[in-house]
Amino acid sequence: MASASTISLSTHPKIAFHPFSRKQSFQNQLFVTSSSGYSAHLVLFPATSISISRRKRFVRLRNLVPRASSRSTGGSNRSTGGRRVYKQSQAEPSLSSIPVKDVVSFVVPAGVFVAVTFVLWKLVEKLLVPKPGKASSSVENKFSLPGIKWSFAPGTNLSSGLSFKDERDRREKKQLLNDFSKELKSFRNVSMSGHRFGDDGLFFLAESLGYNQTAEEVDFSANDITAAGLKAFDGVLQSNIVLKTLNLSGNLIGDEGAKCLCDILSGNGSIQKLQLNSTDVGDEGARAIAELLKKNSSLRALELNNNLIDYSGFTSLAEALLENNTIQSIHLNGNYGGALGAAALAKGIEGNKSLMELHLHGNSIGNEGVRALMAGLSAHRGKITLLDISNNEIGPKGAFHVAEYIKKSKNLLWLNLYMNDIGDEGAERIADALKQNRTITAIDLGGNNIRTKGVTDIAQVLKDNSIITSLELGYNPIGPDGAKALAEVLKFHGKIEILKLGWCQIGAKGAEYIADALRYNTTISTLDLRANGLGDEGAACLARSLKVVNEALTSLDLGFNEIRDKGAFAIAQALKSNGDITITSMNLASNFLTKYGQVALTDARDHVYEMSEKEVNIFF
């Protein structure tokens, strides 16, 4: 019965290397193994018979095969017992009764055989064992095998000239590639990220992928693959009808590589997710990908994050969206679209029916770009559920256009406005829109220079909106008053499950307000209060709330808060006092705890486990 399996190649198992892999049909065979692990397969002469006395008794030397031990598993894969010598039948006499002359006729050929075997063994060792070279004066000390190919299975060879750091590196990579080529044929999810096997390694591995009809996800990211190496996929991806996800991120294939890959994928109908993040793809590569989208009907997700795509590339992709009605998710984070690129993309989105997720983080689209984009999204005939426009230089004016889209949207579930500059004015507009929206469950407004007034407007929305479950307000200087406004609402209203208030300058006083809300709130499960200057006083306030029965809070992050041993003791006591505590994770890293505070928390953790068998992970 087939089962889903995952292999992540991170270890280097030892594997015996047998140059001769074909089965021999000879009756008598001998495996000779040198000290370096190479094995030779020697064929003996057919068994001969020896006449003994007048009664014509025969002694046959049959199947004398010394068993070679396996170097990969610690034992032979054949039956144990060392050497096996077939005994004579009971009807035959023992060798002790054989005349001396006959014994000599038996021993001499055996001695010749041993001598010939020893010579052949030395010859095989000399041919197969690589001679240690002299130390190179080069800084990198590269090792190469010019003109030599590795062959582990019919049709699979590494091209000549593959370079390595040294002999050990060569052996390890040889074993890695050999293992992987075999395992690639049987695992559904295969990860070989960051092994830097290069173009030669890809040529070696690609053929195994061609024969594979099991692997659904393959990760070849960060492996020094170039445009030339992608030619290894030619004929492979066309024949593979199972592979659904191909990750080539972190390989500098450039525009030429993108063109080559798109030509190959034009004949593939199975890949649904293509990841080309950080691959140096520019406008020409984006144009090739756009042409692929016009023809391809299988791709559902396309990732082109952190590349060199400018306005021209955005325009090409927009044109493809007008013809493609199967793509559902596009990632263009960290490119150079700008306002013009966003406007061009909006035109394509407007005429597309399938797109559901759009990621445009870090494209400097600005207020004008977001205005055009929101217009396109409003006219979109499909269902946009996820929109990421974080870090795009959007101000209060841009927030106005975003708010108008929020009011109209009937499908948006997740909105990311992180690291813009909408301020209190923009926060007020977003808050007004959220009063009318009943689909958004998660919103990220972190890093937007929102202060007390802005967060108060957001908090008031939660009185009537029970749809929002995740609220990110980190990196906004809301201060203690902002924390108070938020806490007063969350005490009895809303359905917030994830609340992030890191780097919000709330101080010990703000922690007191949040702690008071936790006494009554029944929904918050994850609370992030990092870097708020809580100190021991703030930690003590939170500790008092932890003593109260709270069936919701499971994760509390108090990192970077200048908490010392006194605060740690208070938290430890709270953990011991509350027998019904639900916290499973607590982060106190980057504080000022000594070993005494750490020991107190560790003892509290152990006490909780002993009393209730509940595990609390505490990070220092």
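Reading guide: rules and limits
Residues numbered from 1 in each chain as written. Predicted model: local features only at pLDDT ≥ 70, side-chain atom pairs only at ≥ 80, totals over all residues. Heavy atoms only, no water. Core = buried A, V, L, I, M, F, W, Y, C linked by side-chain atoms within 4.5 Å. Buried < 20%, exposed > 50% of the residue type's maximum accessible area, 1.4 Å probe, protein only. Domains from an automatic or database assignment. Contact = heavy atoms within 4.5 Å. Phe/Tyr/Trp six-rings, centres within 6.5 Å; stacked < 30°, edge-to-face > 60°. Helix = DSSP H or I, 4+ residues; strand = E, 2+ residues; numbered from the N terminus. Axes fitted to C-alpha atoms, helices over the stretch in contact; angles between N-to-C directions. Parallel < 35°, antiparallel > 145°, perpendicular 65-115°, else oblique. Nonpolar A, V, L, I, M, F, W, Y, C, P; charged D, E, K, R; others polar. Salt bridge = Lys/Arg side-chain N within 4 Å of Asp/Glu carboxyl O. Polar contact = N/O pair within 3.5 Å; in protein donor to acceptor, adjacent residues only side chain to side chain. Expected span 1.5 Å × (residues − 1). Arc of directions from axis to C-beta.

- An unreviewed UniProt entry lists the chain under the name Leucine-rich repeat, with Macleaya cordata given as the organism.

**Remarks on the nonpolar core**
Then step 1. Counting 137 residues, the largest nonpolar core has Phe-233 and Leu-373 as its most contacted members.
Then step 2. Residues lining this core come from more than one domain, with at least three contributed by each of domain 1 (181-280) and domain 2 (477-619).
Then step 3. What Leu-373 contacts, discounting residues up to four positions off in sequence, is Ala-342, Ala-346, Ile-349, Leu-358, Leu-360, Ile-365 and Ile-389.

**Digging into the packing of aromatic side chains**
Then step 1. Taken as a whole and judged by the stated rule, the model has five aromatic pairs.
Then step 2. Here Tyr-418 and Tyr-475 contribute two aromatic rings whose centre-to-centre distance is 6.4 Å and whose plane-to-plane angle is 80°, an arrangement assigned as edge-to-face. Of this pair, Tyr-418 sits in the loop between strand 18 (414-416) and helix 10 (423-436) while Tyr-475 sits in the loop between strand 20 (470-472) and helix 12 (479-490), and the two are 57 residues apart along the sequence.
Then step 3. Classification of Tyr-418 as partly exposed rests on a relative accessible area of 23%.
Then step 4. Using a relative accessible area of 39% as the deciding quantity, one classes Tyr-475 as partly exposed.

**Considering the packing of helix 8 (residues 366-379) against helix 9 (residues 396-408)**
Then step 1. With their axes 8 Å apart at the nearest point, helix 8 and helix 9 run at an angle of 10° to one another. Relative to helix 9, the element helix 8 is oriented roughly parallel. Contact residues: helix 8 offers Asn-367, Val-370, Arg-371, Met-374, Leu-377 and Ser-378, while helix 9 offers Lys-397, Gly-398, His-401, Val-402, Tyr-405 and Lys-408.
Then step 2. Residue composition of the contact of helix 8 with helix 9, grouped by class: five nonpolar, four polar and three charged.

**Notes on the packing of helix 7 (residues 338-350) against helix 8**
Then step 1. One can describe the packing of helix 7 onto helix 8 by two numbers: an axis separation of 8 Å at closest approach and a directional angle of 5°. By the angle between their directions, the pair helix 7 and helix 8 is classed as roughly parallel. Where helix 7 abuts helix 8, its residues Ala-339, Ala-342, Ala-343, Ala-346, Ile-349 and Glu-350 lie against Gly-369, Ala-372, Leu-373, Gly-376, Leu-377 and Ala-379.

**Quick look at the pattern of salt bridges**
Then step 1. Applying the stated criterion to the full structure yields 16 salt bridges.
Then step 2. Linking Arg-287 and Glu-284 is a salt bridge whose minimum nitrogen-to-oxygen distance equals 2.7 Å. Of this pair, Arg-287 and Glu-284 both sit in helix 5 (residues 283-295), three residues apart, roughly one helical turn.
Then step 3. Overall, Glu-284 belongs to the partly exposed group, its relative accessible area being 38%.
Then step 4. The salt bridge involving Arg-530 is made with Asp-528; its shortest N-O contact spans 2.8 Å.
Then step 5. Each of Glu-428, Lys-453 and Asp-457 takes part in a single network of salt bridges with overlapping partners.

**Overview of the side chain of Asn-277**
Then step 1. Inspection of the secondary structure puts Asn-277 in the loop between strand 13 (273-275) and helix 5.
Then step 2. By relative accessible area, which is 13% here, Asn-277 ends up buried.
Then step 3. A distance of 2.9 Å separates a polar atom in the side chain of Asn-277 from a polar atom in the side chain of Glu-303.
Then step 4. Sequence-distant contacts of Asn-277, that is, excluding residues within four places in its chain, are made with Ser-249, Gly-250, Glu-303, Leu-304, Asn-305 and Asn-307.

**Some thoughts on helix 16 (residues 595-612)**
Then step 1. Taking 1.5 Å of rise per residue, the 18 residues of helix 16 would be expected to cover 26 Å, and the 26 Å separating its terminal C-alpha atoms lies within 8% of that figure.
Then step 2. Among the residues making up helix 16, those that are buried are Gly-597, Ala-600, Leu-601, Ala-604 and Val-608. The buried residues of helix 16 occupy an angular sector of 95° when projected down its axis, which confines them to one face. Seen from the buried face of helix 16, the exposed residues on the opposite side, beyond 90 degrees, are Lys-595, Tyr-596 and Glu-610.
Then step 3. Contacts made by the buried residues of helix 16 are with helix 15 (565-577) and strand 25 (617-619).
Then step 4. After helix 16 finishes, the residue Glu-613 shows a positive phi value of roughly 60°.

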